[in-house]
Amino acid sequence: MGARSASLLGRGLLGIYLSVLVVLPIAALLARSSHGGLSAFWREVSSPEAQAAIKLTLGVSVVVVIVNGLFGTLIAWVMVRDEFRGKKVVNALIDLPFALPTIVAGVVLLALYGKGGPFGVDITFTRAAVVMALLFVTLPFVARSVQPVLLELDGSAEEAAASLGAGRLTVFRRIVLPALTPAIISGIALSFARALGEFGSVVLISGNLPFKTEVGSVYIFGQIQNENLPAAAAVSVVLMLFALVVLAALTLFTRSRSKHVR
Amino acid sequence: MSADPAKVPVAASGASVKASRLGLRTVALGYLFLLLLLPVAMIFYRTFEHGLEPVWKAMTEPNAVHAFWLSIELVAIAVPLNTVFGIGIALLLERGSFRGRWALGLVVDLPFAISPVVVGLALVLVYGQAGWFGTWLSEHGIDVIFSVPGMVLATAFVSLPFVARETVPVLHELGTDSEEAAATLGANAWQTFWRVTLPAIRWGVVYGVVLTTARALGEFGAVSVVSGRIEGQTQQLPLYVQDRFENFDATGAYTAAVVLALLALATLLAMNLLTRRTRSRRAV
Amino acid sequence: MAIEVRDVTKRFGTFTALDDVCLRVGDGALTALLGPSGSGKSTLLRIIAGLETPDSGSVQIGEEEVTRAPARARGVGFVFQHYAPFKHMTVADNVAFGLKVRRRPKAEIHARVEELLALVRLDGLAERYPSQLSGGQQQRMALARALAPEPKVLLLDEPFGALDAQVRAELREWLRRLHEEIHVTTIFVTHDQEEAMEVAEQIVVMNAGRIEQAGAPRELYEAPRNEFVMSFVGPVNRLGDAFLRPHDIQILPGGDSSPGSTEALVRRVVHLGFEVRVELTLQDGRDVWAQVTRDTTQELEVEEGQILTVRLPAPRVFAA
C-alpha cells in the first residue's frame, strides 16, 4: 500500500470514528432540541424546574470561580514563592481532583462533611454541598494556569518596584496581579465550563432536590430517566452553549493578547 | 503529612514579611487540607476502620469483581482507540494543511465543554431505541444503549481529547526539520513516523495516555446515562460505588472508592515522573 | 550531477517567494545561493530537495525529471541550519539512518559509518547523543548523515548560520576541502557574502524571488550587473545614482592636484588591523568612506579633522 492511500485510509477511519463518537451524537442532540421549533425549545427551557436548575447552575458556578480565582492564585503563589518541607508532595497532590473519579470525590466529601462525619457538620442536601463539590473538582484549573506564569515572573520587576519605594500591597496590585490576570482568567474560564456540566461529584452530595439543590446536569439526568428527552435535550443545549461561549471568549481573549504582546 | 498547617515550622523572625508569608501559607495549605487532603484521607480511614476482613469481603463480592473487570475492559478498548486516533488528530492539527482544521480542533475539544450527562444523552439520541439508528440496530440485534458497547462509546467520548491535546504542543516544539531530514535520507512516511516522529514525541503521548486512562477509569455521568446500571452486567467501578452508596453499603462503597483513589494516586505519580521527562510542559 | 531548474514559481498565500526562476548548476560544482532573508534562496533549495513543490516550472537532477518526485526518491543530501539531529539516536545511528531505511547489510552500514565519522573527525564520539555535542560537531554529524547514502547532490541551508564566528570560519574551510575530496555537486544557501566568496566556485545572487546574477565570485565583484549585486557583493559607497568601491578611492599625498582629484575632510579613522576605514566628507558635502591600508595612513599621516586630497574612480551607474 502506498503512503498516499494509507494516509487516505487513516483519514477515512478517523472521520468515521469522530462521526460515530462525537459528530452524530451532537448533531442528534441539536436536532432533538430544535425538533418542535423555537417555541417548543423555549417552553422546555422555561419550565419552572428547568429555570431553577439553570439558574442554580450559573449561580454556584459563579461563586465557585470567584473562590477559585482567589484561592487558586494564592495556592499558586505559595507553591512558587514559598519554601517549606513537603512542598513537592503538596504540589503534586493539587492535580488529584483531575485524577480522582468524580463519584469518588462525592463519596470522599460525604465521608467528612456528611451525616455522622467527625466534625459533626452535615452539609448534605444543601447548596453549600454543591459549591464544595464543584470547588473540589475544579481546584487545579486556576492554580495550574497561574503557576507557570508566576514562575516566569522572576521577581526582578517586583524588586525594582520595591526599590522605588512601593509598598508590598502596591507591588502586588500594580506589578504582580496584572501579569497574572490572563492566567487567572484562563483558569476561571476552564473552571466555569467544568462547573456548568459537573455531575458525578454533585449527584450524591446534593440530594438533587428540585428548586433547591438540583443543578442542570442532574436535572437533565432526571428528565432522561423520566423519558422526557425533549426537556433533557433543550437544557443540554443551553448548558453546552454557555460553556462554548465562555471557551470561545477565552480563545479570542488569548489570541488578541498574544498578538498584542508580540 | 507536612501539609498540616499545624506542623508548619513557625518562623521566629518578627519581620512582617515573614509573618504575612506564613499567613498566606497557612491559609493556602489550610484550604487544600480541608478541601482535598482530609476528605481523601478520611475514606481511607473509614474503609479500614473495622479491619481488613470486611474490606476483603467487599472486594471479592462478585458484583464488585465484575465491576472491576468491566472498568478494565472499557479502558482496554477506549484508551488504545483514543491513543491511535489522538496521535492521528495531533498530526493533522499540527502538520496538516487543509480547510476545516478549526472544525477538527473544535470536535476534539467538545468533550471539555460538554457535561458527561449530555454526552450520554447525545449517544442515546443516536443509538438508543428512539434514536436515529435505534430501529436499524434493534433489527440487527445489536444492543448499544444499556449495554457494554454504549459504555465504550461514552468512555471513549469523554476521554477523546487528552492524547491529541498533549501531543500537539510536543509536535509543535519538535518542528519539521528532523522529519524533513529523514525524508531526504530516503525514509518513507511510515519509516519517518516510526523511527523519527514517534520516538521524539513519546513522552507527550504517554502523558496523554495516562490522562486518558484516568478519565476513562473514572467516568461516571455519561456511562450512568447509557449503561442502564444493571448489577453484574453494566456496572463499572464508579457506577458500583454509587450503587453501593445508595444501598447503604458504606463498606462496599468506600472499598471501591479506595481502589479508584489508589489508581488515581498512581496516575498522579506517573504524571509527576513524566513531567520531569518533558522539560517544557505547559500547564494542564 | 547537474541540476537544472526551469521557470520555477512558488507562492505562499499572497507572497511570491520565487518568481519564474531558472538556474543551471554544473556537475560537481560548488555553488552558493546568496541573498538577504526573504529573497527566496531557501525556498529554491527546498524545491530542489523536494521539501516544497513549485506552483509551476520543473526541476531536473542529472537526466531525471524530479519535479513531482518525493524528497526520499531524489538522492539528495540535505543539511539544515539547526542541524535537525535525531535526538533520541546516537551519533552513529544518526549517520546510519539513511542506510538503515534502505535495508543495507549491517556490516556495510558499520563500515560506512566508521568511514564517514573519520571523514568528519567525529571518530571517538560514535556512541554519544547529539545533545552531548557542540554545535559545530552536530553540524559535522549532520553532514556525515547526509553523505552516508551517497547522494547525487548535497544541499546545505545556511549550514553555518547558527555557529559562532570561529567555528564558522573553520567549517567553511573544511567544506571547501571536503568538496575537493568527494566532488559531489553542492549548493549552499547563505546571506553572508564573505562566506559565499570564500567557499563557492559559483555564486547565484537572489533578491525578491528572482536571480539577479550568477557567476564566479570575481565576476560578480568586478562586473556586477545591477546596483543590487554591486551593493550586496562587497562594500560600496553610494553617491546619488552612482556607486564606488571604497578601495577604489585613493588618498593622495598632500599637494597632489592631478585631474579628477578633490578635497575632503577626514571625519573619522577606524583601524581594523591591516585595513583602515577612513570616513570622509567631500567638498560638495557628500559622505563616503575609503578603504586603505595601515601603511597608507601612516605614510600620509591621516588624522581626524584633517583636509586632504582624494581621487575618485569613475563611478558605476546602472540603468534603472
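The structure we're discussing is the one just above.
Report on the accompanying structure. (Residues numbered from 1 in each chain as written. Chains lettered and ligands numbered in written order. Predicted model: local features only at pLDDT ≥ 70, side-chain atom pairs only at ≥ 80, totals over all residues. Heavy atoms only, no water.)

## Quick look at empty space enclosed by the protein
A complete count under the given rule lists two cavities of 30 Å³ or more for this structure. The space that makes up the largest cavity amounts to roughly 40 Å³. Every residue lining the largest cavity is listed: A99 and P101 of chain A together with A214, L217, L260, L263, A264 and T267 of chain B. Residue assignment for the lining of the largest cavity shows that the elements contributing at least two residues are α10 (189-218) and α13 (250-277) of chain B. When residues in the lining of the largest cavity are grouped by element, the largest group, four residues, is from α13 of chain B. For the lining of the largest cavity, the per-class residue count stands at seven nonpolar, one polar and no charged. Space inside the second largest cavity adds up to approximately 30 Å³. Along the walls of the second largest cavity sit L154, L175, L178, H179, I182, V184 and T186 of chain C, which together make up its complete lining. With four residues, the top contributor of residues to the lining of the second largest cavity is helix α5 (residues 165-182) of chain C. Taken together, the residues that form the lining of the second largest cavity break down as five nonpolar, two polar and no charged. (1 Å grid on protein atoms, 1.4 Å probe; cavity = no way out; pocket = protein on both sides within 12 Å on 5 of 7 lines; lining within 4 Å. Points joined across faces, edges and corners; volume = space filled by probe spheres on them. Helix = DSSP H or I, 4+ residues; strand = E, 2+ residues; numbered from the N terminus. Nonpolar A, V, L, I, M, F, W, Y, C, P; charged D, E, K, R; others polar.)

## Some details on the sheet that holds strand β13 (residues 250-252) of chain C
All names here are of chain C. The strand order across the open sheet formed by five strands is β13-β17-β14-β15-β16, and the pairing between neighbours is antiparallel. The open sheet has two free edges, formed respectively by β13 and β16 (287-293), since each of these has just one partner strand. The mean angle between the axes of side-by-side strands here comes to 50 degrees, regardless of whether they run parallel or antiparallel. Inspection of the sheet shows strand β14 (residues 261-272) paired to strand β15 (residues 275-282) by eight bridges, in the antiparallel sense. From the neighbouring strand, L272 faces β15, where its bridge partner is E275. (Pairing = 2+ DSSP bridges. Axes fitted to C-alpha atoms, helices over the stretch in contact; angles between N-to-C directions.)

## Re the side chain of S147 of chain B
Residue and element names in this part refer to chain B. As for its position among the elements, S147 is in the loop between α6 (134-139) and α7 (148-158). For S147, a relative accessible area of 16% gives the class buried. Once you skip the residues sitting within four places of it in the chain, S147 turns out to touch V226, S227 and T234. (Buried < 20%, exposed > 50% of the residue type's maximum accessible area, 1.4 Å probe, protein only. Contact = heavy atoms within 4.5 Å.)

## Concerning the interface of chain B and chain A
Note on interface size: it is often stated as the accessible area lost on association of the parts. Across the contact, 75 residues belong to chain B and 83 residues belong to chain A. At the boundary of chain B with chain A, the tally comes to one salt bridge. On the surface where chain B and chain A come into contact, there are eight residue pairs in polar contact (both at pLDDT 80 or more). Take the side of chain B that touches chain A: its biggest share by element is 21 residues, from helix α1 (residues 16-48) of chain B. Taken together, the residues of the side of chain B that touches chain A break down into 59 nonpolar, 11 polar and five charged. (Salt bridge = Lys/Arg side-chain N within 4 Å of Asp/Glu carboxyl O. Polar contact = N/O pair within 3.5 Å; in protein donor to acceptor, adjacent residues only side chain to side chain.)

## A few points about helix α4 (residues 101-113) of chain B
All names here are of chain B. An ideal rise of 1.5 Å per residue puts 18 Å on 13 residues; α4 measures up with 19 Å between its terminal C-alpha atoms. Within α4, the axis deviates most sharply at V107, by approximately 30 degrees, and proline P111 lies no more than four positions further along. L104, G105, V107, V108, L110, P111 and A113 are the residues of α4 that are buried. (Expected span 1.5 Å × (residues − 1). Bend = angle between axes of the 7 residues up to and from the residue.)

## What about the interface of chain B and chain C?
In this complex, chain B contributes 17 residues to the contact, which on the side of chain C involves 22 residues. Together chain B and chain C conceal approximately 1,700 Å² of surface at their shared face, both sides included; 65% is due to carbon and sulfur atoms. Together, T184, L185 and R195 of chain B form the three largest contributors to the area buried by chain B at its contact with chain C, with a combined 41%. The interface formed by chain B and chain C contains one salt bridge. Between R46 of chain C and E180 of chain B there is a salt bridge; the shortest N-O distance is 2.6 Å. Broken down by element, the residue count for the side of chain B that touches chain C peaks at seven residues, all from helix α9 (residues 177-184) of chain B. Its residues assigned to classes, the side of chain B that touches chain C comprises eight nonpolar, five polar and four charged. (Buried area = accessible area lost by both parts, 1.4 Å probe.)

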